[in-house]
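Each chain, letter by letter, is given below.
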Amino acid sequence: MAQGTRFWDEKWLGDWLLMDRFPRVYALEANKNCTVQITNNEDRWEWVLCPNGVFGVSNMRRHIYSSLLQDEGGVTRWCLVVPVKLNALIWRVLLDRIPTRSNLLEKKVDLPSVLFPSCDLQVEDFIHVFLHCEVAEEVWRRIFKWLDYPFLCSITFLRYACG
């Protein structure tokens, strides 16, 4: 096989074209003109986002952050001992990106009331829902009891959890 043989539309692996043998995969291919090379070296995967060709999670994270995510002006810190969904929730809370009634009202969503329905005392915003509401505090108290930890006030806990 010559260097730079076209992966999909040249016979290089058997007596058939890969695009004919695997038409559904070919239809999904974004780069139908990709090429392959056979060398005398050992086969290996190469990671093009890193100069040394070795995959690294930090390089992937940088690539995703720079190309796909909007810059929110802060550093995202993930706690590895906390489930991913909880990390994501805390991150969204810190950015005020959860669909509270106050946020929905800013988006012009018609609501019958902006009060937090669990207590009907204050506007439903993330600070009230997670920290100031007596209902929220009772939830935190029960979570700490379930985890068999001494109860901390929810503000102290949230500061600890978010680094």
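Since we're looking at a predicted model, the values are computed, not measured.

Peer 1: What's the story with the overall build of the protein chain in this structure? I'm lost.
Peer 2: From N to C terminus, the protein chain includes eight helices and two strands. By residue count, 20% of the 163 residues in the protein chain fall in the buried class. Contacts in the protein chain between residues at least 24 apart in sequence constitute 31% of all its contacts with a sequence separation of at least 6. For the protein chain, the computed accessible surface area is about 13,300 Å², with 58% contributed by carbon and sulfur atoms.

Peer 1: I keep staring at the pattern of salt bridges and nothing clicks. Help me out?
Peer 2: Following the criterion strictly, the structure yields five salt bridges and no others. For the salt bridge of Glu-137 with Arg-141, the shortest nitrogen-to-oxygen distance reads 3.3 Å. Highlighted residues: Glu-137 and Arg-141, both in helix α7 (residues 134–147), separated by four residues, approximately one helical turn. Note on Arg-141: relative accessible area 36%, which makes it partly exposed. In this structure, Arg-142 and Glu-138 form a salt bridge, with 3.0 Å as the shortest nitrogen-oxygen distance.

Peer 1: Please explain the nonpolar core as it appears in this structure.
Peer 2: Most often, soluble globular proteins keep nonpolar side chains buried together rather than apart. Among the nonpolar cores identified, the biggest contains five residues, and these are Phe-116, Cys-119, Val-129, Cys-133 and Ala-136. If near-sequence neighbours (up to four positions away) are discounted, Ala-136 is found in contact with His-128, Val-129, Phe-130 and Leu-131.

The rules behind each value
- Residues numbered from 1 in each chain as written.
- Predicted model: local features only at pLDDT ≥ 70, side-chain atom pairs only at ≥ 80, totals over all residues.
- Heavy atoms only, no water.
- Helix = DSSP H or I, 4+ residues; strand = E, 2+ residues; numbered from the N terminus.
- Buried < 20%, exposed > 50% of the residue type's maximum accessible area, 1.4 Å probe, protein only.
- Contact = heavy atoms within 4.5 Å.
- Areas by Shrake-Rupley, 256 points an atom, 1.4 Å probe, with all protein chains shown as cover.
- Salt bridge = Lys/Arg side-chain N within 4 Å of Asp/Glu carboxyl O.
- Core = buried A, V, L, I, M, F, W, Y, C linked by side-chain atoms within 4.5 Å.

Honestly, it's all geometry; don't read function into it.
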